[in-house]
Amino acid sequence: MTFLRPLGYPPPPSIRRPRTGLVLGAGGRTGIAHTAGALHALHSSGALRIEELDIVIGTSAGAIVGSQLRSGVSPHELYRIARDTGSDAEERRGDSFFAPAWDSPASLMQRALGSSWVLTRSLLRFPLPPLPRELGKMFPGGLMQLAEHADLDAHLPREWPEENLWLVTVDIHTGRRVVLRRGGPIQANLQQAALASAAVPGIYPPIRIQGRTLVDGGVHSATNLDLLLGKRLDHVTVVAPLGLSAPSAVPPPLFALRQFAHINLMQMVERLRAEGTTVAVLEPSADLARLHGVNTLRTGASAEIAEAAYAETISRLSDLVQETQPTSSVRAAS
C-alpha cells in the first residue's frame, strides 16, 4: 500500500502543527460499517493521524464510532469488528442491543402513537409545551428498547476521554441542538451521550438527561459540520455516510435524502474553506449508496459495506490530497 502524508500536512518548518478535526456523520448501522471502512483506509495509509486530532464531532452513527475511537479503539479494530462474521459478531457490534419494546398489539399501538409524536416533535425547531407526564407514560416513544442482555460497558466506557469529543443531539421540547461533551453544561456520561445522539426518533426511545429529552442529532444535520465554523482549524476530514458523492441513479427516496444531506454539507464546506480551512469530504458513490440500501438500520450487511467503503476510500486518497492543498501557507501561530 502507498503511504501518503496526512491530509493537510506537512506544516512548513518552524510553523506550528496544523490543528485538525474529524467529523463523523449519521447513517444508521450501515453508516457505522461505512465509517469503520473509511477510517481504516485513511489511518492505515497514513492520510489521517487519529492521535493528533484536535477535535472529533460525532452525530448519530458517527457518535458511536467517534466515542469508540476516542476511547482507544483503533480504526483497524473498528474495521475488524465490522467485517466479523463469526457466531458472536452481532453481539460484538451491538446489533442485538435493542429489542422490540412492545409485548402485545395494544402496547404496539400505544408505542406507535407515542413514537409518532416524538418523530413529529423532533422535526419542529421551535418550543412547544411538553407532553403531560401521564400521557407520556401511556404512549411511550420508541418502538425498540435496550435489551436486558445489552452490555454497554463492554463497548463504551462511562467516562469521557480527555481529548475533545463532541456528540450532537436535539432537545425535542425546544427544537434546539444540544452538544454533549466532557465538562459541558449538561452532565451526561459517555454512554448516555452516545445513546442520545443515536436515538433515531420514533425508532429508539429519547434519552432524558437533566430534564432534557434528547434524540438523534441527525435531526438537525447529518454531520453538524457548522459547529467548526470560527474554530480556526487548519484541516477537517468529513466522513458522511448519508451523503452522495455525485448525482446518479439510486432509488428515489434514497436519492432525495442523500442529495439533501449532500447540498447542506457542501454549503458548510464552502463556508469553512472561505475561512481558510482545508476540507476533505468522503461521501459514498452511487454504487456504495445502493449497497447501504434504504433501511440503514438493518443488520447483516456490515462486512460488505465496510469492505466497499475501505476500497472506495483507498481509491480516492490521491485525489483527496490534491483537493485539500491549502491555497496559502498554514496560518502562523497566534
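Going by the structure above, here's the rest.
Here is a short report on the structure shown in this document.

Parameters and conventions
- Residues numbered from 1 in each chain as written.
- Predicted model: local features only at pLDDT ≥ 70, side-chain atom pairs only at ≥ 80, totals over all residues.
- Heavy atoms only, no water.
- Buried < 20%, exposed > 50% of the residue type's maximum accessible area, 1.4 Å probe, protein only.
- Helix = DSSP H or I, 4+ residues; strand = E, 2+ residues; numbered from the N terminus.
- Pairing = 2+ DSSP bridges.
- Right-handed = clockwise from strand over helix to strand, strands pointing away.
- Core = buried A, V, L, I, M, F, W, Y, C linked by side-chain atoms within 4.5 Å.
- Contact = heavy atoms within 4.5 Å.

**Digging into the pairing of strand β8 (residues 212-216)**
For a regular strand, side chains alternate in direction, first toward one face of the sheet and then toward the other.
And step 1. When you tally the buried positions in β8, you get four out of five residues, the bulk of the element.
And step 2. As defined by bridge partners, strand β5 (residues 165-171) adjoins β8 across three bridges and the pair is classed as antiparallel. Directly across from Val-170, in β8, lies its bridge partner Val-215.
And step 3. Taking the residues that link successive antiparallel strands as the turn, the strand β7 (residues 207-209)-β8 hairpin has two residues, and the phi of Gln-210 there is positive, at about 50 degrees.

**Description of the pairing of strand β2 (residues 55-59)**
And step 1. Within β2, five of the five residues are buried, leaving the element largely enclosed by the surrounding structure.
And step 2. Neither face of β2 is left uncovered, since the one carrying Ile-55, Ile-57 and Thr-59 and the one carrying Val-56 and Gly-58 both have all their residues buried.
And step 3. For the crossover that starts at strand β1 (residues 20-24), traverses helix α1 (residues 28-44) and ends in the parallel β2, the hand is right-handed.
And step 4. Pairing analysis gives four bridges linking β2 to β5, with the strands arranged parallel. Across the sheet, the residue bridging to Gly-58 is Leu-167, located in β5.

**Thoughts on the environment of Gly-184**
And step 1. Position of Gly-184 relative to the elements: it lies in the loop between β6 (177-180) and α7 (190-197).
And step 2. Residue Gly-184 is classed as buried on the basis of its relative accessible area of 5%.
And step 3. Placed 18 residues apart in sequence, Gly-184 and Trp-166 show a C-alpha to C-alpha distance of 9.6 Å.

**Concerning unusual backbone geometry**
And step 1. Even without being glycine, Ser-60 reaches a positive phi, approximately 55 degrees.
And step 2. Among the structural elements, Ser-60 can be located in the loop between β2 and α2 (61-70).
And step 3. Given a relative accessible area of 5%, Ser-60 falls into the buried group.
And step 4. Phi angles above zero are rare outside glycine, and Asn-224 is one such case at about 60 degrees.
And step 5. Within the fold, Asn-224 resides in the loop between β8 and β9 (235-239).

**Thoughts on the nonpolar core**
And step 1. Ranked by internal contacts, the top residues of the largest apolar core, which has 43 residues, are Leu-22, Leu-39, Leu-167 and Leu-180.
And step 2. A per-element tally of this core places α1 first, with six residues.
And step 3. Those residues in contact with Leu-22 that lie beyond four places of it in its chain are Leu-39, Leu-48, Leu-53, Ile-55, Val-56, Ile-57, Leu-69 and Thr-237.
And step 4. By size, the runner-up hydrophobic cluster in this structure holds 18 residues, among which are Trp-166, Val-238, Leu-265 and Leu-272.

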